[in-house]
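Given next are the chains, with one letter for each unit.
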Amino acid sequence: MQGLNWRQSIKLGEAVEVAGKFKASNKPAKLYLYAAGKAQDSVAFKTDSTYTFNLRYKPKQQGRFVYTLTAKSGEQVDTLGQVPVQVEPTQELGVLLLASSPNFEFKFLKNHLAQLQHRVALRTSISKDLSQSEWLNLPQRDLSRLSSKLLQDFDVVITEPEALQNLSSSERAALERAVTEDGLGVLTIAAAPVVSRSTSFFTGFQTKRLSQQDSRSARASWASNSTATATAAPYTLANTTAVKSLIAEDDGNNLAGAKRAGWGSIAMSFVPQTFPWVLEGKEETYASYWAHLLSGLAKEESQEKFWQLVKPQVPQPNQPTILDFTDYTLADGAAAPTAIVISLVDSTSISLPLAQQQYQPEQFSGTFWPRRSGWYQVQTADAAPYFFFVQDSSDWEFESIAARREATQAFAAQQSIRSAEDTAIAYKKEPVSLLWFFALFVLSSGFLWLEEKF
């Protein structure tokens, strides 16, 4: 193993992806990712080559888990190391649905999001001056007019071009400010490009027509290994540097994409109907599709106080582990926070001294020396606790090699070699005594005399 990487914290519903580089020996080898008591994914390698790999597994419940990566070559099985992952609960989002008319797409989506405990509000236009409102998992509020105060309660708005055009100019202005200033995400589901100037902020994407038919069958893909056949509009979003692909096709076309707008994002999708997946019994595909879209658009969670594991990537017993704590609420001149590290194996705790960074006063750093492997928790007042895992000393040999290399480079950098030109040499002249020459003459003469005798 020459390198490894994985996200140590994910949301429930996301997949753990273990990526790295593996050098195979003189025998074919195979890597296995073990989770929940069995091999969940594997990859095979040929002999005498270096390969990159990506193994994945989707946890079924939240909590802290330790998976294992093993290598098998012939009859030999080696445990390379452990993969600790913390699965956090899905973020409960506030989603506002703005429909131009009653339709199945928004009805199914409303019910699906509500079942996941998201806060959902739906406003459906019945006629020009009449609309119907629904609320799920949140108190009833007046949705007849969009305002900045109302939009603060939502993380994502999902709408249609006709619904955007039906908004008043003040409502569109409030929605635009919510995107640029508050980080709101807006997704427009369209069946064709929109050329209206009044909605250009939300629908101004470059498009390309792919078919002369009213609809087409497309192979949609998102996340990792998530694919499904969808009925799409005969258009695609043009590939530009400003647009991030959310839903793609095998040929590289984009069915849905997003771009930044201030603090938030705006997106457009050419997949107008996804509820047929539910009717076909593909609830998991439907859930994965919408979870991916929402995670890419939702208002980002801001943290004012948080912990980070700086290094090493794989903490081990009796080796220094550097932890950073950031507090953006810290007042000037305030005392450094106090921290405690608790072992979840035996419940022992130890104080962790923190030193303030000179050029980043909101950041503090501490060095912890773990004594045994297992889960640890570091905590300080008024901040969420942070969990990290200490591996066995025999795990992840590449990490030990990297640590020794780094230590050697640091030691070499501290050594300063001074040139002879910069060194002052002190000396003085003294005559050599003649006795040294006389003694040398006597010894030489004696050697020649002795040589003649023998």
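Structure's up top.
Model, not experiment: these values are computed from the prediction.

Draft legend 1. Looking closely at the pattern of salt bridges. Scanning the entire structure with this criterion turns up ten salt bridges. Between D153 and R141 there is a salt bridge whose closest N-O contact spans 1.9 Å. Placement of D153 in the loop between helix 2 (148-151) and strand 12 (156-159) and of R141 in the loop between strand 11 (130-136) and helix 2 is noted, with a sequence separation of twelve residues between them. Its relative accessible area of 37% is what places D153 among the partly exposed residues.

Draft legend 2. Representation of the pairing of strand 18 (residues 244-249). Examined bridge by bridge, strand 15 (residues 216-222) and strand 18 share two bridges and lie antiparallel to one another. Paired with S221 across the strands is A248, a residue of strand 18. Pairing analysis gives four bridges linking strand 18 to strand 19 (residues 254-261), with the strands arranged antiparallel. Within strand 19, the residue paired with A248 across the bridge is N254. In this structure, the hairpin formed by strand 18 and strand 19 is closed by a connection of four residues, where G252 is found at a positive phi of approximately 95°.

Draft legend 3. Highlighting the pairing of strand 9 (residues 94-99). Of all the six residues making up strand 9, six are buried; the element is thus mostly covered by neighbouring parts of the structure. On strand 9, burial covers both faces: G94, L96 and L98 on one face and V95, L97 and A99 on the other are all buried. Where strand 9 lies against strand 10 (residues 119-127), six bridges are found, and the strand directions are parallel. From the neighbouring strand, V95 faces strand 10, where its bridge partner is V120. Between strand 9 and its parallel partner strand 10, the chain crosses via helix 1 (residues 104-115), and the hand of that crossover is right-handed.

Draft legend 4. Quick peek at the nonpolar core. Counting residues in each nonpolar core, the largest one holds 34 residues, and the members touching the most others are I158, I247 and W290. The element contributing the most residues to this core is helix 7 (residues 283-297), with six residues. If sequence neighbours within four positions are ignored, I247 has contacts with A220, S221, W222, N253, N254, L255, A256, Y289, H292 and L293. L143, A163, F205 and A233 belong to the second-largest nonpolar core, a separate cluster that totals 31 residues.

Draft legend 5. Region of interest: the sheet that holds strand 24 (residues 349-352). Ordered by their spatial adjacency, four strands build an open sheet running 24-23-27-28, and the pairing between neighbours is antiparallel. Each of the sheet's edge strands pairs with one partner strand only, and the pair in question is strand 24 and strand 28 (386-390). Across this sheet, the average inter-strand angle for adjacent strands is 25°, counted without regard to direction.

Draft legend 6. Here's a closer look at the packing of helix 1 against helix 7. Where helix 1 contacts helix 7, the two axes come as close as 12 Å, and the packing angle between them is 85°. Relative to helix 7, the element helix 1 is oriented roughly perpendicular. Each of E105, F108, L109, H112 and L113 in helix 1 lies in contact with helix 7, whose residues at this interface are Y286, A287, W290 and L294. Of the residues that constitute the contact of helix 1 with helix 7, the class distribution is seven nonpolar, one polar and one charged.

Draft legend 7. Fine view of the packing of aromatic side chains. For the structure shown, the criterion picks out 22 aromatic pairs. A ring pair is formed by W307 and F325, whose centres lie 4.9 Å apart and whose planes are at 40°; its orientation type is tilted. Here F325 lies in strand 22 (residues 321-327) and W307 lies in strand 21 (residues 305-311), a separation of 18 residues in the sequence. By relative accessible area, W307 is classed as buried at 6%. Each member of the aromatic cluster is reached from another via a ring pair, and the members are F22, F45, Y51 and F53. Taking the ring centre of F387 as reference, the NZ or CZ of R64 above it sits at 4.1 Å. One Lys or Arg, K259, reaches over the ring of F205 and ends 4.6 Å from the middle of that ring.

Draft legend 8. Local environment of helix 1. The end-to-end C-alpha separation of helix 1 is 17 Å, in line with the 16 Å expected for twelve residues at 1.5 Å each. Residues of helix 1 that are buried: E105, F106, L109, K110, H112, L113 and A114. Packed against the buried residues of helix 1 are strand 9, strand 10, strand 11, strand 12, helix 6 (275-279) and helix 7. Backbone nitrogen of E105 and a side-chain oxygen of the N-cap are separated by 3.2 Å at the start of helix 1; the cap is N103. Immediately beyond the C-terminal end of helix 1, within one or two residues, lies Q117, with a positive phi of roughly 70°.

Cut-offs and rules
- Residues numbered from 1 in each chain as written.
- Predicted model: local features only at pLDDT ≥ 70, side-chain atom pairs only at ≥ 80, totals over all residues.
- Heavy atoms only, no water.
- Salt bridge = Lys/Arg side-chain N within 4 Å of Asp/Glu carboxyl O.
- Helix = DSSP H or I, 4+ residues; strand = E, 2+ residues; numbered from the N terminus.
- Buried < 20%, exposed > 50% of the residue type's maximum accessible area, 1.4 Å probe, protein only.
- Pairing = 2+ DSSP bridges.
- Right-handed = clockwise from strand over helix to strand, strands pointing away.
- Core = buried A, V, L, I, M, F, W, Y, C linked by side-chain atoms within 4.5 Å.
- Contact = heavy atoms within 4.5 Å.
- Axes fitted to C-alpha atoms, helices over the stretch in contact; angles between N-to-C directions.
- Parallel < 35°, antiparallel > 145°, perpendicular 65-115°, else oblique.
- Nonpolar A, V, L, I, M, F, W, Y, C, P; charged D, E, K, R; others polar.
- Phe/Tyr/Trp six-rings, centres within 6.5 Å; stacked < 30°, edge-to-face > 60°.
- Lys NZ or Arg CZ within 6 Å of the ring centre and 35° of its normal.
- Expected span 1.5 Å × (residues − 1).
- Polar contact = N/O pair within 3.5 Å; in protein donor to acceptor, adjacent residues only side chain to side chain.

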